[in-house]
Amino acid sequence: MIKLGLIGYPLGHSLSPLIHNAALKSCGLEGSYALFPIHPEDKQGLKDLLARVRSGEMTGLNVTIPHKQNVIELLDELTPTAQAIGAVNTIHRRDHKLIGENTDAPGFVSDLKKFLTTETPGHGNVLVLGAGGSDRAVVYALLHSGWTVTLAARRIEQAEQLATSFIEYKLRTTNYGLSNIDLSGISLIVNTTPIGMTPDIDQSPWPEHLPFPSQAAIYDLVYNPDETKLVRDACAQGLRATTGLGMLIEQAALAFEIWTGRKPSPEILFDAVNHTAY
């Protein structure tokens, strides 16, 4: 029996059980996927759950906010990708050791390639909104794909701190008002903040009354609701825009393959959450 789950807090709106239970069924595997809402201060709760993976009682775990970084000290090894990003979203057991992996970065890259068209090249100047946990994997993925990244955060010191994690690259930072940069050269905008997520669906991370760059594509990591205000406003200006549902599916499929050695069809996983692939 394959036992999988997700660590995070809160987890009320998670689509992961739908996705992974569909993956188990499509691959003909017997198992389950459960939610483990563990409070940010409950370190013992984290230890107890990870002990179940180490003992073999559980096959593996996903990790989401706020635990992507604070599980690291409880693991035995990190893959090179997780080490470089400084965050973990997938945990599995190998030779009685707990291994931390990050499938967010390759999942994001995979979905971004599907989203971008020949009119929007796969590199150039990208503006990333936010400097929190999800931002680390996105920035890593963009830098390794050849993009020039500018970080915009409400707390500029948070953006600068993140930039030091990728000191070998030249990351620019700016305030959330975006007053320090020329937006005309931006070809991609990625939102990594939770602004606009259910239930606050009338909010947007983009500054009010500021037009989007005329040639930019918009990628919003928020996937609940189906169409965020950021996506809606961008489309109203005639721009291409998408939510992060595709990234969620892609990273989930990669994690599932790590745990089981089986690769589920992304189309089946999209159908599980009542969406259609690109």
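Residues numbered from 1 in each chain as written. Predicted model: local features only at pLDDT ≥ 70, side-chain atom pairs only at ≥ 80, totals over all residues. Heavy atoms only, no water.

Here the focus is the sheet that holds strand β8 (residues 148-153). Across the sheet, 6 strands lie side by side as β9-β8-β7-β10-β11-β12; this open sheet has parallel pairing. Of all the strands in the sheet, just β9 (172-175) and β12 (241-243) have a single pairing partner and so form its edges. When the angles between neighbouring strand axes are averaged without regard to direction, this sheet yields 20°. Along the sheet face, helix α4 (residues 104-115) touches β10 (188-191), β11 (217-220) and β12 and points at about 145° away from the line of β11. (Pairing = 2+ DSSP bridges. Helix = DSSP H or I, 4+ residues; strand = E, 2+ residues; numbered from the N terminus. Axes fitted to C-alpha atoms, helices over the stretch in contact; angles between N-to-C directions. Contact = heavy atoms within 4.5 Å.)

In this structure, the largest pocket occupies an estimated 1,200 Å³ of space. In terms of lining, the largest pocket is formed by 44 residues, of which the most central are Thr64, Ile65, Lys68, Ser134 and Met197. Of all the elements in the fold, those that place two or more residues in the lining of the largest pocket are β3 (60-63), α5 (133-144) and α8 (245-260). Looking at the lining of the largest pocket, its residues break down into 19 nonpolar, 21 polar and 4 charged. (1 Å grid on protein atoms, 1.4 Å probe; cavity = no way out; pocket = protein on both sides within 12 Å on 5 of 7 lines; lining within 4 Å. Points joined across faces, edges and corners; volume = space filled by probe spheres on them. Nonpolar A, V, L, I, M, F, W, Y, C, P; charged D, E, K, R; others polar.)

The next point concerns the pattern of salt bridges. Following the criterion strictly, the structure yields 9 salt bridges and no others. A salt bridge links Glu77 to Arg94, with the shortest nitrogen-to-oxygen separation between them at 3.2 Å. Of this pair, Glu77 sits in strand β4 (residues 77-78) while Arg94 sits in strand β5 (residues 90-94), and the two are 17 residues apart along the sequence. The class for Glu77 is partly exposed, based on a relative accessible area of 29%. Note that Glu157 and Arg155 form a salt bridge whose closest N and O atoms lie 3.3 Å from each other. Three or more residues joined by partner-sharing salt bridges are found here, namely Glu77, Arg94 and Lys97. (Salt bridge = Lys/Arg side-chain N within 4 Å of Asp/Glu carboxyl O. Buried < 20%, exposed > 50% of the residue type's maximum accessible area, 1.4 Å probe, protein only.)

Taking strand neighbours across the sheet as the criterion, the 6 strands line up as β2-β1-β3-β5-β6-β4 in an open arrangement whose pairing is mixed. Bordering the open sheet on either side are β2 (31-37) and β4, each of which pairs with just one other strand. The pairing of β5 with strand β6 (residues 97-101) spans 5 bridges and is classified as antiparallel. Across the sheet, residue Arg93 finds its bridge partner in β6, namely Leu98. Each of β1 (2-8), β2 and β3 is contacted by helix α1 (residues 16-26), which is oriented at about 165° to β2, the strand it contacts most.

Taken together, the buried positions of helix α7 (residues 229-236) are occupied by Leu230, Val231 and Ala234. Down the axis of α7, the smallest arc covering the buried residues is 95°, so these residues share one side. Close packing links the buried residues of α7 with β10, β11 and β12. Two residues or fewer past α7, Gly238 is found with a positive phi of approximately 85°. (Arc of directions from axis to C-beta.)

Once that is clear, we can look at the pairing of β1. Burial runs high along β1: 6 of the 7 residues are buried. Here 7 bridges tie β1 to β2, and the two strands are oriented parallel to one another. Of the residues in β2, the one forming a bridge with Gly5 is Ala34. A crossover connection joins β1 to the parallel β2 through α1; in handedness this β-α-β unit is right-handed. Pairing analysis gives 4 bridges linking β1 to β3, with the strands arranged parallel. Opposite Leu4, over in β3, you have Gly60 as the bridge partner. (Right-handed = clockwise from strand over helix to strand, strands pointing away.)

Attention shifts here to α1. Of all the positions in α1, only Ser16, Pro17, Ile19, His20, Ala22, Ala23 and Leu24 are classed as buried. Summarising the contacts, the buried residues of α1 are in contact with β1, β2, β3, α8 and α9 (266-272). Phi turns positive one or two residues past the end of α1, at Gly28, with a value near 70°.

Distances and angles like these do not, on their own, reveal function.
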